[in-house]
Amino acid sequence: MNHIAAKPAPVETEALTLMLGDRVLLDRASLRVERGQVLAVTGGAGSGKTALLGALAGRPPAGVDVAGGVRIDGHLLIAQGGRLAPRRPLALQVAEVVGHHLGLDLRGALRRMADGLDRMGVPPAARRFDLPPEQLPDSLRWACLFAMAAAVGPAVLLVDAPAAGLDPTVRLRLLHRLADWARADGVALILAGRPEDGVAGPADHVLALRRGRLLPPIPLRAGPLEPLEPPGTARLHARGVGMSYPLAPGPRGEARSLAVLHGIDLDLRTGETLVLLGETGSAKATLARSLLCLPPPTAGTVVWMGRDLMAAATPPAAGEEPNHGGLRRARRDLQPLFPDPAASFDPAMTVGTQLALVLENLRPDIAADRRDHRIDEALEEAGLRPEAALRWPAALTAAEAAHAGLARAILSEPRVLVADEPAAGLSAEERERFLDTLMAVRDRRRLSLILATERYGEGLRDAHRGIVMLAGRVVESADAGTLRTAPLHPYSRAMLAASLGGRPALEGDAPSAFGQPAGCPLRRRCPLAREFCAQAVPELEEVASGHHVACHYWDTPAEE
Amino acid sequence: MAEFDQPPLSQPEPQPTGFARGLSGAAVLAALALAAAAAPLMADGSALHRLDADPVAAALLDGRGSLSFALLAAVLGGALGIGWALLAGLAGTLVGKGAERRIVIAAQRMAGWPLALLVPLAGGLLGQVWLLALVTALTAAPAVAALAHAELSVLMRAEFLTAARAAALPEREVLRRHLIPNLMRPLLAAGTLALPRVLAAESFASLLGLGLPPTLGSWGASVGLAARLGDPVAFAPPALLLALALWAACAIADGVAAGVRKP
Ligand code: SF4
């Protein structure tokens, strides 16, 4: 018999109970995290994740009562948003924190920090210790925070909402790096975040905080609500759509401009759902707006039912009659959903007044006394009560505003909805509810839908076809099933991996619009990149029927 | 126990609403104006011999000149500044972004110049009050224009305008239904910025003896005169009232601006 007692786990709680006033945030939870184990705690806003981490760290937030036992070894807490003073040079802050914990001088602290940055995969060229954090890109700031934690080397690391707000591929790469470090160094790592923050990806265990209990998470809907019907014929055609913005003239007075969208071709069939996938800087939102001619693109054509939309939307030259009828017809058929629905309502008018204005403008054929009835119907179809019409936009919650935006969009009985991240600001449950409503509306009205989103899996599950965009170009387009299971472009594969919680095979961050590399825009991050990638932008080529890829080496395995 | 003990990055300082301050400023200014209006009653008909009257009543009498001149110049200056901003916006739509930028940059530059120095100059050179008011108004206009244009361009980018265009609302209607109603408050807020500026400029000029004509009376002139005569009893009331009025004018401008910025 072995008489040596097993080492206690670095984190152990015994019937831990958290109360906020008389609300139970956490009810008698027993938690145990071993060395080298990664635990993810997910939960919606206000579910008590932050309180739990605070209680574990021995510093519960004000107003939270803690009962039960907590045993925790030397720990470090990275609070929500990452706590770095925005204006002090990073080197000083590193020296302070690392020096404080390990008793090192500046040089020693920076050396440990450099080791930490190595483990977080930050290339030496990107290390700017002399800059204050506010001048660093967000991803680098998070990498620095993680590296700082690695430099300190605690027994337990608690991280609240890590890397929230970063692009999925960048976020997952960082989280995996952090989890690797924790496993290798035997650190117990607890990641807390909202379900959509992707903290579950790199974790060994996932617990969801729901109604005061820590339970296994409920998997999200993976397929469409109802089987998708096959689409009809193409009605919306976009050819060579491009967008560029004028810049201040150059040193010799030459006109300059910044092209953000490069010659996109796209067809949308009736009843078809097409999802535009891409992360920050992919110009998916610009494309969505260009299709609506809000504002019209600077190049190419958009044709709706044989009518040139751009000609109708451009203000007529002096002396010409404005073509209001044609534009009104097109606007009635093509309606947008905005990424910030609350801001898309005029704060100086009630929701109902604005809906009535839309109806009056787009459907002059509906008699004035029928309008209220129509508005009530649309609000109900969008999942709101008719009373919502009497409210002011400022009094709506984000979710209500999103539903009200949907009501406005379907009011004119359109045939196409163009939605640009319509649920971006909503929590996970609100998102699900909103998307379910949107899909139900689409199915009932047989609408075509263009959905721009950065969430690969979520976007594709309800779609017929997907387009993956990168830096204003289409890099892959295929039917949704193919993109969901076997995408070919390295960027699509990384997005798929990130959406499944896996490790995206991309290094570094997306370049800014002003610093695009020559050749393929992915080449500084791509695992397949070779020299030729710098010389030519890959063209979209058909690799199978209906499947297009823009990559020189999509069929070549990575070089060793 | 370990933690990153720095101030959080993600939580900005809670903004003071400024609304209460604006309200108290308005109350103070209204009380001052009322008191100044009622001052002749207190001075038992001796308004002509202001320096013989009791110093508080005399200071209140001076307030009539200062406040009414400030009000006149502020209305003028606010209107000029707002007109300037609207002109820039109009140039932006009709001529091009370059023209708009030039007009606004001119306003921003001039807002930084010590334009208040022009007021005593004008007071010395031009005899008429209305010309002086115009010059005082002009000194406040650039700052108003810069702020009003900033508000205007924020509004021009608002998403609900795009939503209105998506509903095929003609530009004229977008202007009438959405732009103008939402523009009123921020423009008025920018306009109130002129009040503390013109009050300060006029007081400064009158202090030097180059401001309002002596018949009108002004806090600045009384302070200057009392200082030259070395008379602390005559000095204190107008100085205090002037300080109070300046504080109130600043509080109003702050309060209105804060009210506009509220989500
Ligand atoms: S073209 Fe080159 S850099 Fe671009 S995705 Fe293909 S392999 Fe990578």
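Residues numbered from 1 in each chain as written. Chains lettered and ligands numbered in written order. Predicted model: local features only at pLDDT ≥ 70, side-chain atom pairs only at ≥ 80, totals over all residues. Heavy atoms only, no water.

(A) Seen up close, the overall build of chain A. Broken down by element type, chain A carries 15 helices and 22 strands. Dimensions along the principal axes, computed over C-alpha positions, put chain A at roughly 90 × 60 × 50 Å. Among the 560 residues that make up chain A, the fraction classed as buried is 51%. When the accessible surface of chain A is summed, it comes to about 24300 Å², and 53% of that surface belongs to carbon and sulfur atoms. Within chain A, the 66 negative side-chain charges are centred at a point lying 2 Å from the centre of the 64 positive side-chain charges. (Helix = DSSP H or I, 4+ residues; strand = E, 2+ residues; numbered from the N terminus. Buried < 20%, exposed > 50% of the residue type's maximum accessible area, 1.4 Å probe, protein only. Areas by Shrake-Rupley, 256 points an atom, 1.4 Å probe, with all protein chains shown as cover. Lys, Arg positive; Asp, Glu negative; His and termini not counted. Charge placed at Lys NZ, Arg CZ, Asp CG, Glu CD.)

(B) Expanded view of the overall build of chain B. Secondary structure summary: chain B contains ten helices and zero strands in total. The helix and strand sequence of chain B, counted from the amino end, reads α-α-α-α-α-α-α-α-α-α. Taken across its 263 residues, chain B has 45% of its residues classed as buried. Considering only contacts within chain B whose residues lie at least 6 apart along the sequence, 72% involve residues at least 24 apart. Split by element, the accessible area of chain B, about 13500 Å² in all, is 71% carbon and sulfur. (Contact = heavy atoms within 4.5 Å.)

(C) Summary view of the domain arrangement of chain A. Residue and element names in this part refer to chain A. For chain A, the domain assignment lists domain 1 (11-215), domain 2 (234-471) and domain 3 (474-560). When each unit is reduced to the centre of its C-alpha atoms, the spacing between domain 1 and domain 3 is 31 Å. Each partner contributes to the interface: domain 1 provides twelve residues, whereas domain 3 provides twelve residues. Both sides of the domain 1 and domain 3 interface together cover about 960 Å² of buried area, and 48% of this is carbon and sulfur. It is Thr 169, Arg 173 and His 176 in domain 1 that bury the most area against domain 3; as a group they hold 53% of the surface buried on that side. For the pair domain 1 and domain 3, the interface holds three salt bridges. In this structure, Glu 507 and Arg 177 form a salt bridge, with 3.4 Å as the shortest nitrogen-oxygen distance. One can count four residue pairs in polar contact (both at pLDDT 80 or more) joining domain 1 with domain 3. In terms of residues, the side of domain 1 that touches domain 3 owes the most to one element, helix 5 (residues 168-185), which gives eight residues. (Domains from an automatic or database assignment. Buried area = accessible area lost by both parts, 1.4 Å probe. Salt bridge = Lys/Arg side-chain N within 4 Å of Asp/Glu carboxyl O. Polar contact = N/O pair within 3.5 Å; in protein donor to acceptor, adjacent residues only side chain to side chain.)

(D) Spatial organisation of the packing of helix 2 (residues 90-102) of chain A against helix 4 (residues 138-152) of chain A. Residue and element names in this part refer to chain A. Close contact between helix 2 and helix 4 brings their axes to 9 Å; oriented N to C, the two are set at 25 degrees. Between helix 2 and helix 4, the angle falls in the class roughly parallel. Here helix 2 runs over helix 4; the crossing is right-handed. Where helix 2 abuts helix 4, its residues Leu 90, Gln 93, Val 94, Val 97, Val 98, His 101 and Leu 102 lie against Cys 144, Met 148, Ala 151 and Val 152. The residue makeup of the contact of helix 2 with helix 4, split by class, is nine nonpolar, two polar and no charged. (Axes fitted to C-alpha atoms, helices over the stretch in contact; angles between N-to-C directions. Parallel < 35°, antiparallel > 145°, perpendicular 65-115°, else oblique. Left-handed = near helix turned anticlockwise from the far one by under 90°. Nonpolar A, V, L, I, M, F, W, Y, C, P; charged D, E, K, R; others polar.)

(E) Geometry of the sheet that holds strand 9 (residues 205-210) of chain A. Residue and element names in this part refer to chain A. Here six strands make up an open sheet; going across it, the order is 6-7-8-4-9-10 and the pairing mixed. Strands with a single pairing partner mark the edges of an open sheet, and in this sheet they are strand 6 (75-78) and strand 10 (213-215). When the angles between neighbouring strand axes are averaged without regard to direction, this sheet yields 20 degrees. Both strand 7 (residues 156-160) and strand 8 (residues 188-193) contribute to a ladder of five bridges, which runs parallel. Pairing of Leu 157 across the sheet is with Leu 189, part of strand 8. The strands touched by helix 4 within the sheet are strand 6 and strand 7, with strand 6 carrying the most contacts at an inclination of about 170 degrees. (Pairing = 2+ DSSP bridges.)

(F) Focus on the confidence of the model for chain A. Looking at chain A, pLDDT values average 85 and 96% of them are 70 or higher. Considering each helix and strand of chain A separately, the mean pLDDT is smallest for strand 6 of chain A, with a value of 78, and largest for strand 13 (residues 273-277) of chain A, with 94. (pLDDT = per-residue confidence, 0-100.)

(G) Representation of helix 4 of chain A. All names here are of chain A. For helix 4, built from 15 residues, the straight-helix expectation of 21 Å at 1.5 Å per residue is met to within 8% by its first-to-last C-alpha distance of 21 Å. Where burial is concerned, most of helix 4 is hidden: 14 out of the 15 residues are buried. One or two residues past the end of helix 4 sits Gly 153, with phi positive at roughly 65 degrees. (Expected span 1.5 Å × (residues − 1).)

(H) Expanded view of the pattern of salt bridges. Tallied over the full model, the rule gives 36 salt bridges over all chains. Arg 442 of chain A is paired through a salt bridge with Asp 443 of chain A; the nearest N and O atoms lie 3.1 Å apart.

(I) The UniProt feature "transmembrane region" (unreviewed entry) in chain B, seen in detail. Residue and element names in this part refer to chain B. Within this numbering scheme, the UniProt entry marks residues 67-91, 103-123 and 239-260 as carrying the feature "transmembrane region" (unreviewed entry). Spanning residues 103-123, this segment combines 76% helix with 0% strand, and its end C-alpha atoms are found 28 Å apart. Taken end to end, residues 239-260 comprises 100% helix and 0% strand; its first and last C-alpha atoms sit 32 Å apart. (UniProt positions renumbered as here; feature names shortened; annotations may be inferred.)

(J) Summary view of the site of the ligand. For the ligand, the set of nearby residues contains 13 residues, the closest of which are Cys 520, Cys 526, Cys 533, Cys 551 and His 552 of chain A. When the residues that make up the shell around the ligand are grouped by side-chain class, the tally is ten nonpolar, two polar and one charged. (Near = heavy atom within 4 Å.)

(K) Region of the structure containing the sheet that holds strand 17 (residues 416-420) of chain A. Residues and elements named next belong to chain A. Here eight strands make up an open sheet; going across it, the order is 16-17-18-13-19-20-22-21 and the pairing mixed. Only two strands of the sheet have a single neighbouring strand rather than two, namely strand 16 (334-337) and strand 21 (541-544). Neighbouring strand axes in the sheet, compared pairwise and without regard to direction, differ in orientation by 20 degrees on average. Sheet topology note: the strand 21/strand 22 (residues 547-549) ladder contains three bridges and is antiparallel. From the neighbouring strand, Glu 541 faces strand 22, where its bridge partner is Val 549.

(L) Expanded view of unusual backbone geometry. All names here are of chain A. Cis peptide bonds are those with omega within 30 degrees of zero, and the linkage from Leu 294 to Pro 295 qualifies with 0 degrees. Within the element layout of this structure, Pro 295 appears in the loop between helix 6 (284-292) and strand 14 (299-304). Here the phi dihedral of Cys 293 falls at roughly 60 degrees; this positive angle occurs in a residue that is not glycine. Here Cys 293 shows up in the loop between helix 6 and strand 14. Judged by its relative accessible area of 3%, Cys 293 falls in the buried class. Here the phi dihedral of Ala 471 falls at roughly 50 degrees; this positive angle occurs in a residue that is not glycine. Mapping Ala 471 onto the fold places it in the loop between strand 19 (465-470) and strand 20 (473-479).

(M) Spatial organisation of the environment of Ala 239 of chain B. Looking at where Ala 239 of chain B falls in the secondary structure, it is placed in helix 10 (residues 232-261). Residues Ala 239 of chain B and Gly 18 of chain B, 221 residues apart in the sequence, show an inter-C-alpha distance of 25 Å.

(N) Representation of the nonpolar core in the model. Residues and elements named next belong to chain B. Counting residues in hydrophobic clusters, the biggest one holds 49 residues, and the most contacted among them are Leu 29, Leu 32 and Trp 219. If you list the elements that add at least two residues to this core, you get helix 1 (19-42), helix 2 (55-94), helix 4 (118-125), helix 5 (129-156), helix 6 (159-166), helix 7 (171-192), helix 8 (194-207) and helix 10. Tallying contributions element by element places helix 2 first for this core, with ten residues. (Core = buried A, V, L, I, M, F, W, Y, C linked by side-chain atoms within 4.5 Å.)

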